[in-house]
Amino acid sequence: MATTAAVKTSTYVWEGVDRQGRATKGESTGVSQAMVKAQLRKQGIAPKAVKKKPKPLFSNKKAIKPADISVFTRQLATMMKAGVPLVQSFDIVAEGLDNPSMKDLVLQVKNDVASGTGFAASISKYPKYFDELFCNLVASGEQSGTLETMLDRVATYKEKTEALKAKIKKALTYPIAVLVIALVVTGILLIKVVPVFAETFSSFGSELPAFTQFVLSISEFTQEWWLIIVVTVMAVVFLYKEALKRSDAVALATDKLLLKLPIIGDIIYQSIMARFSRTLSTTFAAGVPLVDALDAVAGTAGNIIYSSAIKQIRDDVTTGQTLHSSIRSTNLFPSMLLQMISIGEESGALDDMLSKVATFYEEAVDNAVDNLTSLLEPLIMSVLGVLVGGLMIAMYMPIFMLGSVV
């Protein structure tokens, strides 16, 4: 689906009279004051005063996260299944949102829909928040007259996808955060604490243990070059992030490395299988043609290796091969998934089989993350003990030796 560049809009506060002659007021977004007035008239409101909403001196707007889109989709699906009209559903959902940026986005979409633009066309103006898969599923729901059912499927897909991402972040963030804190604490000890001991040792007049001399050397180096070390680390992280965005070779090498990591690689592999199965199940159940569904799956794979493989599967399916044989030819997917897809193709229940595979791998990721956390806790404590305890032993070793001499 082609996307349209987002048009800069502003928020306007207005007062007017509805069809029953009652005074009403509210907020709307639009590209101009005249556009907002036209939108209000289409909604049966005679505007009396429309003016641009003043911006606060200090903006407290938060970024719109995928979790916000997930919550919005679920609430909108709930409203529509309850029989609430689409435009009114936008108003109800917007009132309950805590994120001002998300609220503005919902109101912008609502104004587009209220002015006669289709829901899918409206959200396609914001590709940063609504990807091609989301827009295609909504468009399919609009065309088939099952928008509330489709929104429910999209909401379920978004919720499961975000839950899976949260599990992966949990697996990766915890050990990294603890190790970073350990390195910071070690740096502070080397810069602030060890020099105090060094001054004390200088009055001993005897040769220090080799381990203590080694730690003192590291301390002297850190004191002299700590600023350059910090700047270098920050520069390396920044350059790596930029290279990851701009270079396919760097991204490919990173994805290969992640898959080869012990334990972490298995979790990432299982999450890719879960995402592949869940996305393909959702799109296929929505009536999206298989080739188009594979296009959407390739875009959500989260790994260049598997994204390229899925595109190859799409090309093979286009030439008339079955999905099962196309996937098998890549040698990247597990036998259980292949068998379930084969059964699904033969029985005509492919979406149901893929959903079961997705559930299996989602639970596998959940269990693996819990096991990883349990395994890492003693390992991280050991690393902290070696770093901090080693420094303390190095500092007190000369004092113990001096005591034994006395």
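Residues numbered from 1 in each chain as written. Predicted model: local features only at pLDDT ≥ 70, side-chain atom pairs only at ≥ 80, totals over all residues. Heavy atoms only, no water.

A. Up close: the sheet that holds strand E2 (residues 23-30). Spatially, three strands are ordered E2-E1-E3 in an open sheet, and the strand pairing comes out antiparallel. Either end of the sheet is taken by a strand with one partner, and the two such strands are E2 and strand E3 (46-52). Neighbour to neighbour, the strand axes of the sheet diverge by 25° on average, direction disregarded. Pairing of strand E1 (residues 10-17) with E2, which is carried by eight bridges, proceeds in the antiparallel orientation. When the sheet's bridge partners are listed, Val13 is paired in E2 with Glu27. Each of E1, E2 and E3 is contacted by helix H1 (residues 33-42), which is oriented at about 150° to E3, the strand it contacts most. Packing against the sheet, helix H4 (residues 100-114) makes contact with E1 and E2, and its axis sits at approximately 100° to E2. (Pairing = 2+ DSSP bridges. Helix = DSSP H or I, 4+ residues; strand = E, 2+ residues; numbered from the N terminus. Axes fitted to C-alpha atoms, helices over the stretch in contact; angles between N-to-C directions. Contact = heavy atoms within 4.5 Å.)

B. Inspection of unusual backbone geometry at higher detail. Phi at Ile263 takes a positive value of approximately 65°, unusual for a residue other than glycine. Tracing the sequence through the fold places Ile263 in the loop between helix H9 (248-260) and helix H10 (264-285).

C. Seen up close, the pairing of E1. Connecting E1 to the next strand, E2, in antiparallel fashion are five residues, including Gly21 with a positive phi near 85°. One ladder, built from six bridges, connects E1 with E3; its direction is antiparallel. Counterpart to Tyr12 in the pairing with E3 is Lys52.

D. Geometry of the side chain of Ser219. Along the chain, the position of Ser219 falls in helix H8 (residues 210-246). On the accessibility criterion, Ser219 (1% relative accessible area) is buried. Here Ser219 is in contact with Leu190, Val194 and Pro195, once residues within four sequence places are set aside. (Buried < 20%, exposed > 50% of the residue type's maximum accessible area, 1.4 Å probe, protein only.)

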